[in-house]
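This is what each chain is made of:
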Amino acid sequence: MSNLYEITGNLLMLQEMLEDSVEDQVLTDTLEAVQGEYEYKMESYCKIIKNLEADVDALKTEVDRLTSKRKVLENNVSRLKKAMFDSMKATNTPKVKGQVFTIAIQKNGGVIPINYDKDNKDITLKLPDELVVVTEKPNLDAIRELLESGNAVEGFTLGERGESLRIK
């Protein structure tokens, strides 16, 4: 049996021969046979796709299960570390030296954090311009509405919708 690439090539060649010449019964029969093989191959591809999709779903389920298990373990680690930290802070113990591990509380590295009231929307209005960053981006929904209603917006055009394969 031919592969899909070969069948597609044969089908296109036969269709072109039918368009170029007078319809011949042998040519028509050959075209019908190739079309049957094409339909069989496409159906086989659909079966393979369904099996692969089932495998993908099973793997997603397993990933979800393992992700959930990983989160439980990470939460346990965080809970244990917090209990140790809280205990050391409460007892004013900056360092514990054991036989295998040394546990110490130390300052974090990196830049010093800045605290401010993020809920206060007016706080940035009171800052001078050099301390405020304004990010501008086009409102694509509003631009789309204008373009769809027939108005022009310089530098913007409506694109083409993509195509996809649907198997029912």
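Our subject is the structure listed above.
All of the points below concern the structure found in this document. (Residues numbered from 1 in each chain as written. Predicted model: local features only at pLDDT ≥ 70, side-chain atom pairs only at ≥ 80, totals over all residues. Heavy atoms only, no water.)

1. Details of the overall build of the chain
Next, step 1: Across its full length, the chain holds three helices and two strands.
Next, step 2: A compact globule built from 168 residues should have a C-alpha radius of gyration of about 15 Å, whereas the chain, at 33 Å, is more than 25% larger.
Next, step 3: Taking the principal axes of the C-alpha coordinates as reference, the chain spans close to 100 × 60 × 25 Å.
Next, step 4: Buried positions account for 8% of the 168 residues belonging to the chain.
Next, step 5: Long-range contacts, defined here as pairs at least 24 residues apart, represent 32% of the contacts in the chain between residues at least 6 apart.
Next, step 6: As displayed, the chain offers around 15,800 Å² of accessible surface, 55% of which is attributable to carbon and sulfur atoms. (Helix = DSSP H or I, 4+ residues; strand = E, 2+ residues; numbered from the N terminus. Rg over C-alpha atoms; globule rule 2.2 N^0.38 Å. Buried < 20%, exposed > 50% of the residue type's maximum accessible area, 1.4 Å probe, protein only. Contact = heavy atoms within 4.5 Å. Areas by Shrake-Rupley, 256 points an atom, 1.4 Å probe, with all protein chains shown as cover.)

2. Here's the deal with the pattern of salt bridges
Next, step 1: Scanning the entire structure with this criterion turns up five salt bridges.
Next, step 2: The salt bridge involving Lys82 is made with Asp86; its shortest N-O contact spans 2.6 Å. Placement of the pair is Lys82 and Asp86 together in helix 2 (residues 25–90), with a separation of four residues, close to one helical turn.
Next, step 3: Its relative accessible area of 52% is what places Lys82 among the exposed residues.
Next, step 4: Taking the shortest distance from any N to any O, the salt bridge between Asp141 and Arg144 comes out at 3.1 Å. Within this pair, Asp141 and its partner Arg144 are both found in helix 3 (residues 140–148), separated by three residues, close to a single helical turn.
Next, step 5: Since its relative accessible area comes to 39%, Arg144 is described here as partly exposed. (Salt bridge = Lys/Arg side-chain N within 4 Å of Asp/Glu carboxyl O.)

3. Some remarks on the nonpolar core
Next, step 1: Within the largest apolar cluster, six residues are counted, these being Ile7, Leu11, Leu14, Leu27, Leu31 and Val34.
Next, step 2: Elements represented by at least two residues in this core include exactly helix 1 (4–20) and helix 2.
Next, step 3: Sequence-distant contacts of Leu11, defined by excluding residues within four places in its chain, comprise Leu31, Val34, Gln35 and Tyr38. (Core = buried A, V, L, I, M, F, W, Y, C linked by side-chain atoms within 4.5 Å.)

4. Describing unusual backbone geometry
Next, step 1: Even without a glycine there, the phi angle at Asn92 is positive, about 55°.
Next, step 2: Take Asn92: it is sitting in the loop between helix 2 and strand 1 (95–97).

5. Observations concerning the environment of Leu31
Next, step 1: Its location among the elements puts Leu31 in helix 2.
Next, step 2: Overall, Leu31 belongs to the buried group, its relative accessible area being 10%.
Next, step 3: Separated by 80 residues in sequence, Leu31 and Val111 have C-alpha atoms that sit 73 Å apart.

6. Quick notes on the environment of Glu43
Next, step 1: Secondary-structure assignment places Glu43 in helix 2.
Next, step 2: Under the relative-accessibility criterion, Glu43 is labelled partly exposed at 48%.
Next, step 3: Residues Glu43 and Ile167, spaced 124 residues apart in sequence, show a C-alpha to C-alpha distance of 10.0 Å.

Purely spatial values, then, with no claim about function.
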